Structure formats: structure tokens, C-alpha cells
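Examination of the molecular architecture
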Amino acid sequence: MSAQRQETVRRLAAPDIAARKGGDPIVCLTAYTAPVAEILDDHCDLLLVGDSVGMVVHGLPNTVGVTMEMMILHGQAVMRGARRAMVVVDMPFGSYEGSAEAAYDNAARIMKETGAQAVKVESGPTVPDTIHYMVQRGIPVMGHVGLRPQAVLVDGGFKAKGRDEEGRARILAEARATADAGAFAVVVEGVAEGLARDITAAIAPPTIGIGASAGCDGQILVTDDMLGLFDWTPKFVRRFADLRGEIGRAGEQYAAEVKARTFPGEAETYFAKKS
Ligand code: KIV
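This write-up is about the structure you can find in this document.

Parameters and conventions
Residues numbered from 1 in each chain as written. Predicted model: local features only at pLDDT ≥ 70, side-chain atom pairs only at ≥ 80, totals over all residues. Heavy atoms only, no water. Near = heavy atom within 4 Å. Polar contact = N/O pair within 3.5 Å; in protein donor to acceptor, adjacent residues only side chain to side chain. Areas by Shrake-Rupley, 256 points an atom, 1.4 Å probe, with all protein chains shown as cover. Salt bridge = Lys/Arg side-chain N within 4 Å of Asp/Glu carboxyl O. Helix = DSSP H or I, 4+ residues; strand = E, 2+ residues; numbered from the N terminus. Buried < 20%, exposed > 50% of the residue type's maximum accessible area, 1.4 Å probe, protein only. Contact = heavy atoms within 4.5 Å. Axes fitted to C-alpha atoms, helices over the stretch in contact; angles between N-to-C directions. Left-handed = near helix turned anticlockwise from the far one by under 90°. Nonpolar A, V, L, I, M, F, W, Y, C, P; charged D, E, K, R; others polar. Core = buried A, V, L, I, M, F, W, Y, C linked by side-chain atoms within 4.5 Å. Pairing = 2+ DSSP bridges. Patch = residues over 30% accessible without salt bridge, like charges linked within 9 Å, V, L, I, M, F, W, Y side chains within 5 Å.

Details of the site of the ligand
The environment of the ligand is made up of Thr30, Leu48, Gly50, Asp51, Ser52, Asp90, Lys120, His144, Val187, Glu189, Ile210 and Val222. In the model, an oxygen atom of the ligand is placed 2.9 Å from a nitrogen or oxygen of the Asp51 side chain. Ser52 has a polar side-chain atom sitting 2.5 Å from an oxygen atom of the ligand. When the free accessible area of the ligand is taken as 260 Å², the share hidden by the protein chains comes to 96%.

Here's what the structure looks like:
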């Protein structure tokens, strides 16, 4: 770690993010590892240890199989890398839906074992009561409305939401209930532009959009998507790098040099000390 990084820097927390409503856009990305968190820390207000880690890092087909242990392990890694950005850890499927008490216990465990500043839950129709219960007991909670990846098995796939009147009204109501329950910010995923703007205007906490247009108070993307690590990405992703190409080219070059015995060369070889 560089000398500069050892300086004490105040880490952003839920009230700092909440106070950014209507102000400068809030910059958020996902992170799952210490080195990536360290690199992104200078550029982001908030790093989310998303349960997308299950798909992105562990190769699961969706986020339903993600466990508390996975979230805690990756949360600890990100906390070691980030020093200024607020770190939020996703509560995995099955860790908060059963009861408010169980949600509180699991959220408290995540916060104690990772040191993260908040948790995120996907706020379907029943979850706002649980958010209220947790916030009242000292857990900062971020909500998540619109496309809810943990509900993919009942929703029938990763499709944009709120594109008809009934869907719009339901998601707007869920966002209002999430805000009223005390969430300090709300992720709005996979909804049409007009709905994102309406939610942003209707609720007091800032909205963080992903596939929800520029009509939000901030933006988030899955980092591995925006780095271009996958050959397919959803419409709303912009690739800011081509790491898939870079890694492939590096692997090809490495293989060629190993086969040609040009790697390792003298520069990469230890020699006995001259006596
Ligand atoms: O799990 C995740 O990465 C998320 C973002 C897509 C918001 O929830």
C-alpha cells in the first residue's frame, strides 16, 4: 500500500449519500475484491458488494444461490481495498425475506464481520416493513426496486419492468414505501426513463439507476460489465474498456512465449550471488 493511501481519510457513510439528493451525480460501481476496490476507490462515492458476485465471479446462473458466507468474504475483501468510498453489502436471497428479526440478525452479522457501512435489500411488496425494523435498530439500508434479480424465478427472466400502467404504479408504490421505511438511497433497476424520473421526483432519498436512464440521482453498473469482461452485456451497459480482449491477448502472448522458451528470460530469473 502506498504512503499516500496510508493517510487517514474519512469514509463516506449513509448520511453523506442521502445528502446528495438532487446534487452532483452519485458515482457507484460494484466491487468484489480488494485490488479492484482499491483502484475504484478514488473515483466512486459508493462501492456495492453486489450479490451479482455469484454470477460475475462464481459463474452461477442467477443470484439465488448466493450465500451469507460469500457476501461476507467479498465484503471483507472490498473493505480492505477501499478507504474513502462507502461500502454497501447486498443481503443474499433468503437472508431477509422470512422475518424482520432474521433480517436484522443477518444484517448485523454482515456489518460486524465486514465493517461495511450499510446493507442493500431488494424491496418487493413485503420488504419495506423489514427495512423500517432494521433502520430503527441502527442498520443503514439501501433499497432496490424495479427489476429485482433475486425474484428472477418468479418474474420470468431479466426483463425491464414497469412498462405498462399496472407495473409502473406498483414500482412507484414500492419505491415510496421503501423511502418511507427509512432507506437512505434506492437502486432503481431496469425501468423506462419516465418511471425513473417519476420515482426520483417522488421520494426523498437519492435514486441510483442501473438501466434506468439518466433521470436518477446517481448511477451504478456491474464493474465487470463496464470493463468489457463478457462477450454479451445488456443494452444499458456501456463498455469503458475491453478487458476480455486484453486478457485474451495477454494469455495468447504468454502461451506463445512459454512454448518458444522466451519466457522466462534473464530479467525474470534468479541467479546465485557471486561469492
Ligand atoms: O448485485 C448487484 O450488483 C446489484 C447492482 C446491479 C445494483 O444489485
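Having put the structure on the table, let's press on.
A closer look at the pattern of salt bridges
All chains considered together, the criterion is met by 15 salt bridges. For the salt bridge of Arg109 with Glu113, the shortest nitrogen-to-oxygen distance reads 3.0 Å. Taken together, the positions of Arg109 and Glu113, both in helix H6 (residues 100-114) and four residues apart, correspond to about one turn of that helix. A relative accessible area of 37% means that Glu113 is categorised as partly exposed. One salt bridge in this structure joins Glu246 and Arg249, with 3.3 Å as the shortest N-O distance.

Focus on the environment of Gln117
By the element assignment, Gln117 lies in the loop between H6 and strand S4 (118-120). Of the residues examined, Gln117 reaches a relative accessible area of 15% and is grouped as buried. Each C-alpha atom, one on Gln117 and one on Ala14, is 7.2 Å from the other, the two residues being 103 residues apart in sequence. Ignoring any residue separated from it by four or fewer positions in sequence, one finds Gln117 in contact with Arg11, Leu12, Met79, Ala85, Met86, Val87, Met111 and Pro140. A polar contact of 2.7 Å, which involves the side chain of Gln117, links it to the backbone nitrogen of Val87. At 3.2 Å, the side chain of Gln117 and the backbone oxygen of Gly115 are in polar contact.

Structural notes on the packing of helix H5 (residues 68-81) against H6
Contact geometry for H5 and H6: axes closest at 9 Å, N-to-C directions at 35°. Where H5 crosses over H6, the two elements pack in a sense that is right-handed. In this structure, H5 uses Met68, Glu69, Ile72, Gly75, Gln76 and Met79 to contact H6, whose residues at the interface are Asn106, Arg109, Ile110, Glu113 and Thr114. When the residues that make up the contact of H5 with H6 are grouped by side-chain class, the tally is four nonpolar, four polar and three charged.

Comments concerning the nonpolar core
Among the nonpolar cores identified, the biggest contains 73 residues, and Leu47, Met86, Phe184 and Ile199 are the most heavily contacted of them. At six residues, the largest contribution of residues to this core is made by H5. With sequence-adjacent residues up to four places away left out, Phe184 is seen in contact with Ala14, Ile17, Ala18, Met86, Val88, Ala118, Pro140, Val141, Met142, Pro205 and Pro206.

Here's the deal with the sheet that holds strand S7 (residues 207-210)
Hydrogen bonds between backbone groups are what pair the strands of a sheet, and the pairing can be parallel or antiparallel. Pairing in this closed barrel of eight strands is parallel, and the strands run S1-S2-S3-S4-S5-S6-S7-S8 around the ring. Ignoring strand direction, the axes of neighbouring strands in this sheet form an average angle of 25°.

Structural notes on a nonpolar patch on the surface
A cluster of nonpolar side chains, namely Tyr254, Val258 and Phe263, defines an oily patch on the protein surface of about 270 Å² accessible area. On the secondary structure map, Tyr254 appears in helix H12 (residues 243-259).

Nothing here speaks to function; it is geometry throughout.
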